[in-house]
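Here are the chains, one letter per residue:
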Amino acid sequence: MVLLVSYELRSRIISLLTQILPYSKNRMLMAKQLAGEFNQAASAEKIQSHWHIQQWWILIAALVLFMSIMIFTFTRPITASSFEADYLREVDPQIYTLLDGQVLAPPPEVNEDLIKAAMRDEAIHYANVISAQAVNPLPAEKLYFPDSHSHSDISSADRKWDKINPRYKQRLLMVFKIMREQHGYELVLLEGYRSPERQNSLSANPNTTRAKGYQSYHQFGLAADVAFKRNGKIVISERDPWAMRGYELYGQVAESVGLTWGGRWKSIKDYGHTEYRMPGLKKTAEVANQLIHEAQLQAAAY
C-alpha cells in the first residue's frame, strides 16, 4: 500500500535495483568465469598453465577434509565404552580382542543389607552346627568359623567398580556375562579394591589371608571376590551344593579368559576369588597408585 501511494519511495527502490542488478550480474559472471577456470585446471592439458589454480584445489580439499575430521571429533559422543575401548586397545590388545570391541558395563553395586543378611544366615548355620556338638553353646557372634575365611569382615569391603583396573574389570565382566547367559548364575561383587591397611588387618588372621599390603592383587585393582544372587538373596555359602557348583563353573570360566582362580590354591582355597596376574607387574605402592588412577580415569568417563 505504501509503494502504491508514495511515488518517491517507488522511485528510490527502482533506482536502487537499477544499481544493484548490473553489479550482481557482473559478480555472477566473474564467479562463473572463476568456476570455469577451476574446472579446466583439473584437466591434463592445463597442468602447466593452471598449476597455481591446482594448488587451490589441493588447499580446498585439505580444508574440507580437516573440517570433516573436526566435525566428526566434536560431534561423536564420547562414552565410557568408547573411552575404555581405546584404552584397552592400547594397553591390553588380548582382552580387547576377546571383547570384540564391545566394552561391558559393570552392574549396580549390591545392596549392603543383602550382604549382611547372607552373613547372618551363615552365622546362624554355624551356630546351630557347633551348638549341637557343644555342651555349653556360645552365642553366634562369639563363635569362630574356620571355613568362612573368604568372607571375613565383608560388610566393610569396597564393592564399587571404580578402582578396578579395566584390564581385570573387563575380564571379570565377561565372566559375569558368560555365567549368566550360559549357566544361569547371577554374580555380585563382594569386594574389589582393598586398601593396604585393610589387607594388613585381614592378614592378622592366617585363615583369612597370608598376603600383606601390596602383596595382594586387590591393592592393584586386579582382584575381586564374588558371590551369587538367587531369588533376590545373596548366597556366599560353600556348603550350598548349588553355590558350590556355581563356584566350580566360575573357576572354569575365569581361567578361560586368563584369570587365576582361588579355588585352585593349596593352602587357603578361596572359591569366590579371582585375580589377573598382569605380566611384568611390580608390586609396589607406586604401581598400585598408577593402576588405580587408570581405573578412576575410565570410571570418570561415565
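Just so we're clear, the structure is a prediction, and the values are computed from it rather than from any experiment.

1. Side note on the packing of aromatic side chains
- Following the criterion strictly, the structure yields 8 aromatic pairs and no others.
- Between Tyr185 and Phe228, the ring centres sit 5.2 Å apart and the planes meet at 55 degrees, which makes this aromatic pair tilted. Of the two residues, Tyr185 sits in the loop between helix H7 (166–183) and strand E1 (186–191) while Phe228 sits in strand E2 (residues 223–230), which places them 43 residues apart along the sequence.
- Seen from their ring centres, Trp261 and Tyr271 are 6.0 Å apart, and the 55 degrees between their planes marks the pair as tilted.

2. Topic: helix H10 (residues 285–300)
- Between its first and last C-alpha atoms H10 spans 22 Å; for 16 residues at 1.5 Å apiece the expected length is 22 Å, and the two agree.
- For H10, the full list of buried residues reads Val287, Ala288, Leu291, Ile292, Glu294, Ala295 and Gln298. In an axial view of H10, the angular spread of the buried residues amounts to 150 degrees, which keeps them on one side of the axis. Exposed and facing more than 90 degrees away from the buried side of H10 are Glu286, Asn289 and Ala300.

3. Remarks on unusual backbone geometry
- With a phi close to 70 degrees, Tyr214 is a non-glycine residue in the positive phi region.
- Mapped onto the secondary structure, Tyr214 falls in the loop between helix H8 (196–202) and E2.
- Even without being glycine, Asn231 reaches a positive phi, approximately 55 degrees.
- In this fold, Asn231 is placed in the loop between E2 and strand E3 (233–235).

4. Quick notes on the packing of H7 against helix H9 (residues 241–256)
- Running from N to C, H7 and H9 cross one another at 130 degrees; their axes reach a closest spacing of 10 Å. Taken together, H7 and H9 sit at an angle that is classed as oblique. Our pair here, H7 against H9, has a crossing hand that is right-handed. Of the residues in H9, those touching H7 at Leu172, Val175, Ile178, Met179 and His183 are Gly246, Leu249, Tyr250, Val253 and Ala254.
- Tallied by class, residues from the contact of H7 with H9 come to 8 nonpolar, 2 polar and no charged.

5. Points about the side chain of Glu191
- Turning to its location among the elements, Glu191 is positioned in strand E1.
- Residue class for Glu191 comes out buried when judged on its relative accessible area of 1%.
- Side chain to side chain, Glu191 and Arg194 meet in a polar contact 3.0 Å long.
- A distance of 2.7 Å separates the side chain of Glu191 from the side chain of Arg198, its partner in a polar contact.
- Excluding anything up to four places from it in sequence, Glu191 contacts Ile154, Ala157, Asp158, Arg159, Arg198, His218, Ala223, Ala224 and Asp225.

6. Some remarks on the nonpolar core
- Among the nonpolar cores identified, the biggest contains 53 residues, and Val175, Met179 and Leu222 are the most heavily contacted of them.
- If you tally residues by element for this core, the top one is H7, at 8 residues.
- If we ignore the near neighbours within four places in the chain, the residues touching Met179 are Gly184, Tyr185, Leu187, Phe228, Gly246, Leu249, Tyr250 and Val253.

7. Considerations on the confidence of the model for the chain
- Confidence in the prediction for the chain averages 80 pLDDT; 68% of positions are at 70 or higher.
- Every residue in residues 141–149 is under pLDDT 50, and counting partners more than four places away or in other chains gives 18 contacts.

What counts and what doesn't
- Residues numbered from 1 in each chain as written.
- Predicted model: local features only at pLDDT ≥ 70, side-chain atom pairs only at ≥ 80, totals over all residues.
- Heavy atoms only, no water.
- Phe/Tyr/Trp six-rings, centres within 6.5 Å; stacked < 30°, edge-to-face > 60°.
- Helix = DSSP H or I, 4+ residues; strand = E, 2+ residues; numbered from the N terminus.
- Expected span 1.5 Å × (residues − 1).
- Buried < 20%, exposed > 50% of the residue type's maximum accessible area, 1.4 Å probe, protein only.
- Arc of directions from axis to C-beta.
- Axes fitted to C-alpha atoms, helices over the stretch in contact; angles between N-to-C directions.
- Parallel < 35°, antiparallel > 145°, perpendicular 65-115°, else oblique.
- Left-handed = near helix turned anticlockwise from the far one by under 90°.
- Contact = heavy atoms within 4.5 Å.
- Nonpolar A, V, L, I, M, F, W, Y, C, P; charged D, E, K, R; others polar.
- Polar contact = N/O pair within 3.5 Å; in protein donor to acceptor, adjacent residues only side chain to side chain.
- Core = buried A, V, L, I, M, F, W, Y, C linked by side-chain atoms within 4.5 Å.
- pLDDT = per-residue confidence, 0-100.

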